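Secondary and tertiary structure notes
Listed below are the residues making up each chain.
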Amino acid sequence: MLKENDTLVLKIRNAEKLHGHLGPFLVIGVRMGILAKRILNTNVGESNKLRVTARLPLLTPFSCIIDGIQATTQCTVGNQKLRVEDSQAQITVYFKLQNPDKALKVHVNPKIIDELKNRYSTGASNEELAWEVASMPESLLFTIGKQ
Ligand SMILES: [Zn+2]
């Protein structure tokens, strides 16, 4: 069970403050940002070299992912380090340091998206689903590849 002072929880709360509410897709974005920075091993000096392209359906709740990414990576639409592209089919986010060897593709497992849609339709709350996504193993949530 996640504790209130856990790093992940603090990052989720920070994203919630930016976004205005808590939900599972916001948490997916937060977890993507954390994962990308870990795998690309971005240190303080390098994090300003990170660029992100997010391909996803540009409607809520899917687009909530964008704010999770913005809150955790400081790559935003405003600073031009985040590009958002509409995709009806799937959710894939590309993270790239300005160095061709350091690129990462993170794909959200479509089964998880279907499961979340089902849970919404049976009345599960945003908050409830958010914390479920927060506790899910990364390997279940994402397929991770080189670009
Ligand atoms: Zn949202």
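Since the model is a prediction, treat every value here as computed from it, not as a measurement.

Rules used throughout
Residues numbered from 1 in each chain as written. Predicted model: local features only at pLDDT ≥ 70, side-chain atom pairs only at ≥ 80, totals over all residues. Helix = DSSP H or I, 4+ residues; strand = E, 2+ residues; numbered from the N terminus. Buried ≥ 20, exposed ≤ 12 C-beta atoms within 10 Å, placed from the backbone. Pairing = 2+ DSSP bridges. Axes fitted to C-alpha atoms, helices over the stretch in contact; angles between N-to-C directions. Contact = placed C-beta atoms within 7 Å. Expected span 1.5 Å × (residues − 1). Arc of directions from axis to C-beta. Core = buried A, V, L, I, M, F, W, Y, C linked by C-beta atoms within 7 Å. pLDDT = per-residue confidence, 0-100.

1. A few points about the overall build of the protein
When helices and strands are counted, the protein shows six helices and five strands. Ordered by position from the N terminus, the helices and strands of the protein form the series α-α-β-α-β-β-β-α-α-α-β. Taking the principal axes of its C-alpha atoms as reference, the protein extends roughly 45 × 35 × 30 Å. By residue count, 31% of the 147 residues in the protein fall in the buried class.

2. Some points on the sheet that holds strand S1 (residues 51-56)
Read across the sheet, five strands follow the order S2-S1-S3-S4-S5 without closing on themselves; strand pairing throughout is mixed. The strands lining the two open edges of the sheet, one partner per strand, are strand S2 (82-86) and strand S5 (142-145). Ignoring strand direction, the axes of neighbouring strands in this sheet form an average angle of 15 degrees. Pairing of strand S3 (residues 92-96) with strand S4 (residues 103-108) involves five bridges; the strand directions are antiparallel. From the neighbouring strand, tyrosine 94 faces S4, where its bridge partner is lysine 105. Against the sheet, helix H3 (residues 64-73) makes contact with S1, S2 and S3, and its axis sits at roughly 170 degrees relative to S1, the strand it touches most.

3. Some thoughts on helix H1 (residues 7-19)
The first and last C-alpha atoms of H1 sit 18 Å apart over 13 residues, in line with the 18 Å expected at 1.5 Å per residue. Of all the residues in H1, the buried ones are Ile12, Ala15 and Glu16. What you see down the axis of H1 is that its buried residues fit within an arc of 105 degrees, all on one side. With respect to the buried face of H1, the exposed residues turned more than 90 degrees away are Thr7, Leu10, Lys17 and Leu18. Of the surrounding elements, those touching the buried residues of H1 are helix H2 (24-39), H3 and helix H5 (126-135). With its phi angle positive at about 100 degrees, glycine 20 sits one or two positions after the end of H1.

4. Comments concerning the nonpolar core
Among the nonpolar cores identified, the biggest contains 35 residues, and Leu26, Ile28, Val52, Ala54, Ile65, Ile69 and Phe95 are the most heavily contacted of them. Among the elements of the structure, H1, H2, S1, H3, S3, S4 and H5 are those that each provide at least two residues to this core. Among the elements that take part in this core, H2 stands out by supplying seven residues, more than any other. Not counting residues within four places of it along the chain, the set of residues in contact with alanine 54 comprises Ile65, Ile66, Ile69, Leu82, Val84 and Val93.

5. Quick word on the confidence of the model for the protein
Summing up the model confidence of the protein, the mean pLDDT is 93 and the portion of residues at 70 or higher is 94%. Element-level pLDDT for the protein is lowest in S5, with a mean of 95, against a maximum mean of 98 in S2.

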